Amino acid sequence: MGRDRMTDVAWGEVRNALRENLGENNFITWIAPLDLNAVDSGVARLSAPTNFVANWVNRNFAEHILRAMNSGGLRVQRLDISVEAKRPSADARVQRTLA
């Protein structure tokens, strides 16, 4: 299915449900940093900012996320959470060069 407007809307609803069910602190710490990249063949592909966040979410919140996704209309059997490879911003590269 990939990522489309319908998926974006559903992901927004999933995030709202998770905020309500898990509480504000858990949501801000563990769910808010996640990005939904795609939903393909029953697999939701999410990205996390660090390995620690990805592992913690897999261990502690995967079932909650799956349940919320399926309730929100995303037919998902499995999560695949990878670490987002962020490139340094242009400002950071310039600052390193000048240092």
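Enquirer: Honestly, the packing of helix α3 (residues 51-60) against helix α4 (residues 62-71) in this entry has me stumped. Any pointers?
Expert: In a packed pair of helices, the relevant descriptors are the angle between the two axes and the axis-to-axis distance. Contact pair α3 / α4: the axes reach a minimum separation of 5 Å and the direction vectors enclose 70 degrees. Classified by the angle their axes make, α3 and α4 are roughly perpendicular. Contact with α3, carried on its side by V57, N58 and N60, involves A62, H64 and I65 of α4 and no other residues of that element. Its residues placed into classes, the contact of α3 with α4 shows three nonpolar, three polar and no charged.

Enquirer: How do you make sense of the nonpolar core when you look at a structure like this?
Expert: Within soluble globular proteins, side chains that are nonpolar tend to cluster in buried spots. In this structure, I65, M69 and L79 are the most contacted members of the largest nonpolar core, which totals 27 residues. The set of elements that each furnish at least two residues to this core consists of α1 (5-22), α2 (24-31), β1 (35-40), β2 (43-48), α3, α4 and β3 (78-83). In contact with L79, other than residues within four places in its own chain, are A44, L46, A62, I65, L66 and M69.

Enquirer: How should the environment of N16 be read in this particular structure?
Expert: Tracing the chain through its elements places N16 in helix α1. Spatially, the C-alpha atom of N16 lies 9.2 Å from that of F27, the residues being eleven residues apart in sequence.

The rules behind the values
- Residues numbered from 1 in each chain as written.
- Predicted model: local features only at pLDDT ≥ 70, side-chain atom pairs only at ≥ 80, totals over all residues.
- Heavy atoms only, no water.
- Axes fitted to C-alpha atoms, helices over the stretch in contact; angles between N-to-C directions.
- Helix = DSSP H or I, 4+ residues; strand = E, 2+ residues; numbered from the N terminus.
- Parallel < 35°, antiparallel > 145°, perpendicular 65-115°, else oblique.
- Contact = heavy atoms within 4.5 Å.
- Nonpolar A, V, L, I, M, F, W, Y, C, P; charged D, E, K, R; others polar.
- Core = buried A, V, L, I, M, F, W, Y, C linked by side-chain atoms within 4.5 Å.
- Buried < 20%, exposed > 50% of the residue type's maximum accessible area, 1.4 Å probe, protein only.

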